[in-house]
Amino acid sequence: MAVFARPRQALAVAGVLGLALSVTACGTGDDKSSDKVDSAECAAYEKYQGNDGKKVTIYSSIRDIEADRLDESWKQFEDCTGIEIDHEGSGEFEAQLGVRVDGGNAPDLAFIPQPGLVKRFADAGKLKAASADTKAMAEQNYSADWLKYGTVNGQFYGAPLGSNVKSFVWYSPKTFKEKGWTVPTTWDELIALSDKIAASGTKPWCAGIESQDATGWPATDWVEDMMLRTQTPEVYDQWTTHGIPFNDPKVAEAVDKAGAILKNEKYVNGGFGGVKSISTTSFQEAGTPITTGKCALHRQASFYANQWPQGTKVAEDGDVFAFYFPAIDPAKGKPVLGGGEFVAAFADRPEVQAVQTYLASGEYANSRAKIGDWVSANKQLDLANVPNPVDKLSVQILQDQKSVFRFDGSDLMPAAVGTGTFWKGMIDWINGKDTATVLQGIESSWPK
Amino acid sequence: MTTTTPTLPAGAQATGKTTTTAGRVRKRLNSRTATLISIVIAVFWTIPTFGLFVSSFRPENEIKTTGWWTFFTNPQFTLENYQEVLFGRSSSSGQLANYFINSLAITIPSVLFPIAFASLAAYALAWINFRGRDWAYIAIFALQIVPLQMALVPLLKFFSTGVTLGGVTLMPAWDLVDEQKFAQVWFAHTCFALPFAVFLLHNFIAQLPKDLMEAARVDGATHPKIFRTIVLPLITPALAAFGIFQFLWVWNDLLVALIFAGGSSETAPLTVRLAEMAGSRGNEWQRLTSGAFVSIVVPLIVFLSLQRYFVRGLLAGSVKG
Amino acid sequence: MEFDFADVQPKLLMLLYGLIAFAVVVGGLLLLLDAVPSYFARRHEAQLIAAAANGAPLPRRRKPREGMFAFFFLLPAVLLLMIGLVVPAIRTTLLSFMDGGSRNWVGLDNYAWMFSDSSIIRVLINTLVWVLLVPLVATAFGLLYAVMVDKARFESVAKSLIFMPMAISFVGAAIIWKFVYAYRGEGQDQIGLLNQIVVSLGGEPKQWLLESPLNTLLLIVIMVWIQAGFAMVVLSAAIKAIPADIVEAARLDGVTPWQMFWQITMPSIRPALIVVVVTLSIATLKVFDIVRTATNGNYDTSVIANEMYNQAFRYGQNGQGSALAVFLFVLVIPLVIYQIRNLRQQREG
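Residues numbered from 1 in each chain as written. Chains lettered and ligands numbered in written order. Predicted model: local features only at pLDDT ≥ 70, side-chain atom pairs only at ≥ 80, totals over all residues.

This paragraph deals with the interface of chain C and chain B. On the chain B side, the residues contacting the 109 residues of chain C number 117 residues. Element by element, the count of residues in the side of chain C that touches chain B is highest for helix H2 (residues 66-95) of chain C, at 18 residues. Residue composition of the side of chain C that touches chain B, by class: 77 nonpolar, 20 polar and 12 charged. (Contact = placed C-beta atoms within 7 Å. Helix = DSSP H or I, 4+ residues; strand = E, 2+ residues; numbered from the N terminus. Nonpolar A, V, L, I, M, F, W, Y, C, P; charged D, E, K, R; others polar.)

Below, the structure is given as structure tokens:
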């Protein structure tokens, strides 16, 4: 197909120049020149050398400015090793990845946010096991809690990359100060505060679970957080692996505990209406009433920091901030619910393994963190490199020895439940269906 | 589908001419009422779109907290949404103009190929005598129901691994990179468009006057000649009609482009870019308000410029002389 | 970044290749079909002359067979249809008898699931409601509008406005209707037009998309809003194509508009009506984007195509997704039978 040949070289150069220009223009780039492959900066990449001119494709759900940040984060790696990383992000990632893999057009690497999906591809024999180097790097930098989510049937497939902490309650430090409220550190304080705010005529909590084709997930996060707070971590693991049925009384207890807040007309839905308005309020705008004082508390993950209206200051002394969603029984430790993506490989060429290893390294975690808006459970991540206060708090929680981390349960379950009936069940539950019926329905949908 | 010239009821003929003054007045009134009603409905039909149009000039916070109609009592005007869509914040995704050209490069061949292949096939099914042609037509018609979602994986496999039958490679993998992937998208769109195209065009071609065809055959014209010199000119309006619809479908398609072209700025069309603009978590959907209008410009131009073919008579062939 | 011609050039080149390929394939095919028979004709003539000169018996003229033309006319379309649709349809049918990961045969399990799971039965009912209402309402509206606008001034403007929804992508349409159906609590600023109207009339705002079965009807409104333009354009063109002398003759005979509509217009545009109804029926059976973007099938609004996509692509249940697709194939059978009947009449007529 010679007719299709094109001046790739020239274009690549133009692209690199363009990127370099835009990076300096943004003022975030450091003033290294990109053409010095042998310079001191490249020393760190020595072990990835030998793949000059090779290309690695990565597919993920990360788009727009966050995708730019990714490109920036591995730029030095590309310059030093000569490996070209071609990242593509899509909003249809989960469905499209399956189509591409089945269609024989899999990317080299994919950032998969669901361990359940990693398992599905691993079981189908589509994934390549991680190389010894990658495994060693991952074991050095991540805790066993995290590694087990990248492992299927004893085989290690991929290290975690970015992470988020979901056990957060967003509030307005400004309003709290004005009203003389204090940040609750125990469950009882949280409920007492909610009652106090409710008595003052404001609905204390706001929530929203609408998220286009993923509607329902914020409610499942609530249930998961309550599972971790009412049950032991072991019961939580049994629940996500179907060791106990979905309609077990223990699960019902957790759901009802969430319902004590979410389905309490006195508590919700500040700024939007009644309980039912939760299901049509988009998760992106669910917390906004906090900025206008129509709502005081909003349980949502660390990444909600990006959802606030422009001009909102996110800091401990700012317009909005988050506090840790307190445990019910502090004796059981500090349960932390979170999520993250895993770097799984569909190819085992040396350059692919080199990139996979590099992404598990401390160098990468720090390189990405410096650019902003990113959290990782990587132990080498230096808190000083994390610019944003909520991300700092998240990293602190992830690195805290007392934390008992568990992955978002709906991402661990089979997709038919985790992204299907569990979401739908929670929508029905918000809309008035009773707990027992909903749990029974989800249980019967679990694939045999 | 025969259409005979309707015979008028005897009663109607008996009443005779009513071109009286009163009749003319009534006629004019009728046409006035018709104009009025049709304009009212058109306005009503456009209100939702108009709301989007107004919203596209409002600041993000306003869009998300108050109704678009408050714009008229409390006008807050901004071009920021358009600025973000046209010039973007994301450096890696490049300029919108790039995606515009991708969309054009995808759409034009994806409209031409099905038109050509479908009109050839429709002609054969309508005017060439061969065994099993009715069943062939019915089969192609029925293929309209196959949901294209189910065709994505096998078609992608066809491109990425080729065709091997009993160890013999009938067709190697395509292995296309960058803009060469357009070829895959053309191929896919053509496949998916054919059943409807054949169905639509067959309807017109089959109703061309039989005498015309037979006369041409008697004169010794071959099928290719009849097709080129007689059929094609007669069905131009139908081709234009199908062309418009196919243009709209391809231009607005997201799924096929996503699978076969990928999402990089080298091949992704406008729709893929617009969907991305909502941001990783879908929170920037105010950009879509302006994005929708940026992407609507070309289809509207196409519609307006081809509309005259409709007026000339889309179904010119449907009414036999 | 400046507009970079180097970036664009390969794409335009590729487009050019596409156009060249188009010209070569289509032109080549027609040329071939023109050239080959005339070559044979010339050879036949030569043989005739030779035979006449030798006094040998005249060879019989072999006309190029009709079948050969049909073969080449149909070849590109049939080839593409085989690869793009027939093979996938067969594959889907096979997958529908296999499990979620397409590894084991499970017989009719997926079909048993389809007709026993209450949420799927709901999906089937919804699809039925869609396919009964959308073609009917959209065609009726399109027809009425086409008739009305035929006499009106500003015709092309009015038609463009009705047609505009067709030109908007589903991404845009989803937002447009968000501004119609959106809900905000009582006492707050509504951002949805429908609730604003309800509130200004003194009512309470409603969560439109939550209330089954109303929500299905509201989604159908969106589909009608988009597809009525298609019906209107095709039918309007058909109306324009009615020969002026027929209309004029009727008018001179003093028929009422009512008679005109039923006795002249309707019979004349019947073929176009069939095209519209059939096309809309099939489009409705496959409706996917509207449901997906508006509710994703939640609140009892799901339809077959949406459920099929979820099962096959999101839940990894290929078997169940395929079974739903096969059910779609079954649903098209009435339309196929209708087409066969039409074709028979046509051949006889």
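A word on the domain arrangement of chain B. Residue and element names in this part refer to chain B. In terms of domains, chain B is made up of domain 1 (22-87) and domain 2 (89-318). The C-alpha-based centres of domain 1 and domain 2 are spaced at 32 Å. Taken together, the contacts link 11 residues of domain 1 with 11 residues of domain 2. Counting residues per element, the ones that place at least two in the side of domain 1 that touches domain 2 are helix H2 (21-55), helix H3 (60-65) and helix H4 (80-87). The leading source of residues in the side of domain 1 that touches domain 2 is H4, at 5 residues. The class makeup of the residues in the side of domain 1 that touches domain 2 is 6 nonpolar, 3 polar and 2 charged. (Domains from an automatic or database assignment.)

The subject of this paragraph is helix H2 (residues 64-73) of chain A. Most of H2(A) sits inside the fold, with 8 of its 10 residues counted as buried. Along H2(A), the residues classified as buried are Asp64(A), Ile65(A), Glu66(A), Ala67(A), Asp68(A), Leu70(A), Glu72(A) and Ser73(A). (Buried ≥ 20, exposed ≤ 12 C-beta atoms within 10 Å, placed from the backbone.)

What follows concerns the interface of chain B and chain A. In this assembly, 26 residues from chain B lie in contact with 31 residues from chain A. Of all the secondary-structure elements, those providing two or more residues to the side of chain B that touches chain A are H3, helix H7 (148-161), helix H12 (255-260) and helix H13 (270-277) of chain B. In terms of residue count, H7(B) provides more of the side of chain B that touches chain A than any other element does, 6 residues in total. Its residues placed into classes, the side of chain B that touches chain A shows 6 nonpolar, 14 polar and 6 charged.

Further remarks concern unusual backbone geometry. Along the chain, Val268(A) connects to Asn269(A) via a cis peptide bond; the corresponding omega equals 5°. Counting through the fold element by element, Asn269(A) comes out in the loop between helix H12 (249-262) and helix H13 (277-280). Note that the residue after Ser212(C), namely Pro213(C), is joined by a cis bond; omega there is 0°. One can find Pro213(C) in the loop between helix H7 (193-200) and helix H8 (214-240). One non-glycine residue, His242(A), adopts positive backbone phi at about 65°. Along the chain, His242(A) turns up in the loop between helix H11 (233-240) and H12. For His242(A), a count of 14 C-beta atoms within 10 Å gives the class partly exposed. The residue Asp300(C) is not glycine, and still its phi comes out positive at about 60°. Of note, Asp300(C) is situated in the loop between helix H12 (289-294) and helix H13 (304-314).

This next bit is on the nonpolar core. Grouped together as the largest cluster of nonpolar side chains are 199 residues, with contacts concentrated most on Ala121(B), Leu201(B), Val234(C) and Leu235(C). At 19 residues, helix H5 (residues 96-127) of chain B tops the list of elements feeding residues into this core. (Core = buried A, V, L, I, M, F, W, Y, C linked by C-beta atoms within 7 Å.)

Glancing now at the domain arrangement of chain A. All names here are of chain A. Each assigned domain of chain A is listed here: domain 1 (51-165 + 338-405) and domain 2 (168-335 + 409-445). Using C-alpha coordinates to define each centre, domain 1 is positioned 27 Å away from domain 2. In this complex, domain 1 contributes 21 residues to the contact, which on the side of domain 2 involves 21 residues. Among the secondary structure elements, those contributing two or more residues to the side of domain 1 that touches domain 2 are helix H5 (115-123), strand E6 (160-165), helix H17 (389-399) and strand E11 (403-407). The element best represented in the side of domain 1 that touches domain 2 is H17, accounting for 6 residues. When the residues that make up the side of domain 1 that touches domain 2 are grouped by side-chain class, the tally is 10 nonpolar, 7 polar and 4 charged.

So, about the UniProt feature "transmembrane region" (unreviewed entry) in chain B. Residue and element names in this part refer to chain B. With numbering matched to this structure, UniProt assigns "transmembrane region" (unreviewed entry) to residues 34-54, 99-128, 135-156, 186-205, 226-248, 254-275 and 287-306. Measuring from the first to the last C-alpha atom of residues 99-128 gives 43 Å, for a span that is 97% helix and 0% strand. As annotated, residues 287-306 has a helix share of 100% and a strand share of 0%, and its two end C-alpha atoms lie 30 Å apart. (UniProt positions renumbered as here; feature names shortened; annotations may be inferred.)

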